[in-house]
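Each chain, written out:
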Amino acid sequence: MPDGRESGSAALEVVELTKRFGRTTALDAVSLTVAAAEIHALLGHNGSGKSTLVKLLSGYHHPDGGTIRFAGRELRHPVSQATFRELGVGFVHQDIGLVPAATVTENLLIGRFTTGAFGQIRWRADRIRLKQLLASFELDIDPDAQVGSLTATQRTLIGLLRAFQDIDGRASGLLVLDEVTASLPAEELDKVFAAVRAIRQRGIAVLLVTHHLNEPLLLADRVSALRDGRLVASVAVGDQTERDLAEMVLGEERRIGANRPSRPAPGDVVLKVGSVTGAIVDDVSLTVRRGEVVGLTGLAGSGHDELPYLLYGSRKAVVAQLTLAGGPLRRLSPNLSRGAGMALVSGDRAKAGGVLPATLAENLSAPVLNSLRGPLLNISARKERPLVSDLVRRFDIRPGEPSMVFSALSGGNQQKALLGRWLTSGCQCLLLDQPTRGVDLSGRSEIHRQVRELASGGAAVVMYSTDPEEIVEVCDRALILAAGQIVAEVSQDELTPARLEHLTRDRSLHSTAAQG
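Procedures and definitions
Position numbers for residues start from 1 in each chain and track the written sequence from start to end. Reporting of local features is limited, given that this is a predicted model, to residues whose pLDDT is at least 70; pairs of side-chain atoms are given and counted only at 80 or more, and all residues count toward the totals for whole chains, interfaces and linings. With hydrogens and water stripped out, all remaining heavy atoms of the structure feed into the side-chain values. Two strands form a pair only when DSSP identifies at least two bridges running between them. Secondary structure follows DSSP: runs of H or I at least 4 residues long count as helices, runs of E at least 2 residues long count as strands, and numbering of each begins at the N terminus. Take the number of residues in a helix, subtract one, and multiply by 1.5 Å to get its expected span. For the exposure calls, accessible area comes from a 1.4 Å probe over protein chains only, and a residue counts as buried if that area is under 20% of its type's maximum, exposed if over 50%, partly exposed in between. Of all possible arcs, the one meant is that of the directions from the helix axis to the C-beta atoms. Note on definitions: a residue-residue contact is assigned when non-hydrogen atoms from the two residues lie within 4.5 Å. Grid points spaced at 1 Å and placed over the protein atoms alone form the basis of the search, with a cavity being a set where a 1.4 Å probe fits but cannot get out and a pocket an open set showing protein on both sides within 12 Å along at least five of seven lines. Lining residues have an atom within 4 Å of a point. Grid points are joined across faces, edges and corners, and a volume is the space filled by probe spheres set on the points. Charged means Asp, Glu, Lys or Arg here, nonpolar means Ala, Val, Leu, Ile, Met, Phe, Trp, Tyr, Cys or Pro, and polar covers whatever is left, Gly included. Grouping buried Ala, Val, Leu, Ile, Met, Phe, Trp, Tyr and Cys residues that are joined through side-chain atoms within 4.5 Å yields what is termed a nonpolar core. Axis geometry follows a simple rule: fit a line to the C-alpha atoms, using only the stretch in contact for helices, then measure angles between N-to-C directions, giving values from 0 to 180 degrees. What counts as a ring pair is set by centres within 6.5 Å for rings of Phe, Tyr and Trp (its six-membered ring), and what kind of pair is set by the plane angle: stacked under 30 degrees, edge-to-face over 60, tilted for all other angles. Definition used: whenever NZ (Lys) or CZ (Arg) falls within 6 Å of the ring centre and also within 35 degrees of the ring normal, the charge is taken to sit over that ring.

Participant: Sorry, what's going on with the sheet that holds strand 11 (residues 269–277) here?
Facilitator: Two modes of strand pairing occur in sheets, parallel and antiparallel, and in both the strands are linked by backbone hydrogen bonds. Strand order across the open sheet formed by four strands is 12-11-14-15, with antiparallel pairing between neighbours. At either end of the open sheet lies a strand with only one pairing partner, and these are strand 12 (284–289) and strand 15 (327–328). Two elements, strand 14 (residues 318–324) and strand 15, share two bridges in a ladder whose sense is antiparallel. Among the inter-strand pairings, Leu324 is bridged to a residue of strand 15, identified as Gly327.

See below:
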């Protein structure tokens, strides 16, 4: 579906762009135009083709059909960073690609240092230039600070500036922002939005790829939506509402929570913790029953995000007593936890989730490899194929090509795969760290359904989340932590977003006052 606009002064023109992975068409004859100095939002659920489009624009994938033009110049492969600098195009991805051990100055100026007659770096001149750049965006960031010491929002802003430098002053320049706000706290988003507006004011177009429905309404001039690899809408933001955008993304026939499973009464105790202490968590005890989803929440530094890793044994903990499915765990370690039927799905998919260079099939079958071995102890394709195909179908993983490299999947589809694979492993207790972080509207609903399905199948689930609405939708009860201790428990009858937010703030203030 073309967006029906003239392309004479366009920063980006995509014409009939198509990409296939095996038998799966990930992008189907998509045409899209981003006008000069326009903020154009691109929405779509996981598997809609957003990630594939960005990878085609950046030269990571080669299209099977169609053309890409930046300011009228066609993109031709092979491409390099120098190609995009010449075209006046910059990219900022969700994984920003900064060097944590290097300073802000070094990260911003890598490949852009000013050098003297003999090749030496002119540090003083570069620092002055960098301070002027930071000041022009009203950013109070120390140029000599290590990037690893910055907040997530500050790192995102540094990523924006790094890309901006290469296109500043270019006619019809384009900045592609790929889910850059997906993992940022809501209270910090205004800083990023201000930087994006400032970039547009300098004549640079912005393609904002996002799954947050409010962002197009707050930032964009125009919004387009992909669904199942096709462009289904491209309209001026105007009087659009979040409901309008949700229907654009999901289709009118789909509604969030429409397939929410019933919640049977919890069964016998699966996980019982007598006392666990870590770096922040202090003498916490809890019990989780079969079929139950227990939420953990709290303000930053309360310990709610540490607890799943302590229980799994991936962070150092002192445990007085822990039993899993009736059997005591004398010592905590990931290997012992897995052997006892416990699984952890980390919130950091890139570093502690799936194996990114491996295939989708290899990631899905990893927990049950021993059961897939043939007579010579090799992995039997005859056993692996039906298992992988069943999981791809049940959890709607897109593209569902088993041989596809895991890193090529969108974040939401990676998360669905990581959750789904535990269904086949006999998991009795599942620990989740922000399971829908960086996942779009449709993906959230699907992952919530998966979590409830795991619980309905007899697993006990402990889920850490800072999203009150997610806890209300998924959990049977919630534990609120402050200063490393459980300070409140909210039953299902009382579980509302407003009550969770009130109790979290109120109990955290009381704990802080008591410590002071």
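Participant: Quick question: what am I supposed to make of helix 4 (residues 123–136) here?
Facilitator: Note: α-helices contain 3.6 residues per turn, so residues at a spacing of three or four share the same orientation. Its 14 residues place the ends of helix 4 20 Å apart at the C-alpha level, agreeing with the 20 Å of an ideal helix rising 1.5 Å per residue. Among the residues of helix 4, Asp126, Leu130, Leu133 and Leu134 are the ones counted as buried. Looking down the long axis of helix 4, one finds its buried residues gathered within 95° of arc, a one-sided arrangement. Across from the buried face of helix 4, at angles greater than 90 degrees, the exposed residues are Arg124, Lys131, Gln132 and Ala135. Here the buried face of helix 4 lies against helix 3 (104–109) and helix 5 (152–165). Just downstream of helix 4 lies Glu138, where phi reads positive at about 55°.

Participant: It is not clear to me how helix 6 (residues 189–201) should be interpreted in this structure. Could you clarify?
Facilitator: The end-to-end C-alpha separation of helix 6 is 19 Å, in line with the 18 Å expected for 13 residues at 1.5 Å each. Among all positions of helix 6, only Leu189, Val192, Phe193, Ala195, Val196, Ala198 and Ile199 are buried. Residues of helix 6 that are buried in the fold lie against strand 3 (39–44), helix 5, strand 7 (174–178), strand 8 (205–209) and helix 7 (214–219). Just downstream of helix 6 lies Gly203, where phi reads positive at about 90°.

Participant: Would you mind showing me how to read the layout of surface pockets here?
Facilitator: Roughly 310 Å³ of volume is contained in the second largest pocket. Contributing to the lining of the second largest pocket are 17 residues, with Gln81, Phe91, Val92, His93 and Arg162 lying nearest its centre. Sorting the residues of the lining of the second largest pocket by element identifies helix 2 (81–87), strand 6 (89–93) and helix 5 as the ones contributing at least two each. When residues in the lining of the second largest pocket are grouped by element, the largest group, four residues, is from strand 6. Among the residues forming the lining of the second largest pocket, the class breakdown is six nonpolar, seven polar and four charged.

Participant: Please explain the nonpolar core as it appears in this structure.
Facilitator: Counting residues in hydrophobic clusters, the biggest one holds 51 residues, and the most contacted among them are Val92, Phe137, Ile158, Leu160, Leu175 and Leu177. No other element matches the seven residues that helix 6 contributes to this core. Ignoring anything within four residues of it in the chain, the contact list for Ile158 reads Leu98, Val104, Leu108, Leu134, Ile141 and Leu150. Counting residues in hydrophobic clusters, the runner-up holds 42 residues, among them Phe21, Ala343, Ala417 and Ile480.

Participant: Help me out: how do you make sense of unusual backbone geometry in this one?
Facilitator: Note on backbone geometry: most residues besides glycine have negative phi, and most peptide bonds are trans. Following His77, the chain continues into Pro78 via a peptide bond in cis, with omega recorded as 0°. Mapped onto the elements of the fold, Pro78 is located in the loop between strand 5 (73–74) and helix 2. The omega torsion across Arg398 and Pro399 is -15°, close enough to zero to call that bond cis. Relative to the helices and strands, Pro399 is located in the loop between helix 13 (381–394) and helix 14 (411–420). A positive phi angle, near 50°, is found at Glu16, a position not held by glycine. For Glu16, the position within the fold is in strand 1 (residues 10–21).

Participant: Looking at this structure, I do not really get the sheet that holds strand 18 (residues 460–464). What am I missing?
Facilitator: Spatial strand order, 16-17-18-13-19-20: six strands in an open sheet with mixed pairing. Lying at the two open borders of the sheet, with one neighbouring strand each, are strand 16 (342–345) and strand 20 (485–490). Recorded for the sheet is a direction-independent mean angle of 20° between the axes of neighbouring strands. In this structure, strand 13 (residues 293–297) lies alongside strand 18, joined through four bridges in parallel fashion. Looking across to strand 18, one finds that Val294 is bridged to Val462.

Participant: Quick question: what am I supposed to make of the packing of aromatic side chains here?
Facilitator: Two descriptors summarise a pair of aromatic rings, namely the distance from one centre to the other and the angle between the planes of the rings. Applying the stated criterion to the full structure yields three aromatic pairs. An angle of 80° between the planes, with centres 5.1 Å apart, marks the rings of Phe84 and Phe91 as edge-to-face. Of the two residues examined, Phe84 and Phe91, each falls in the buried class. An aromatic cluster is built from Phe70, Phe84 and Phe91, whose rings are joined through pairwise contacts. Stacked on the ring of Tyr309, the Lys or Arg Arg315 has its end atom at 4.4 Å from the ring centre.

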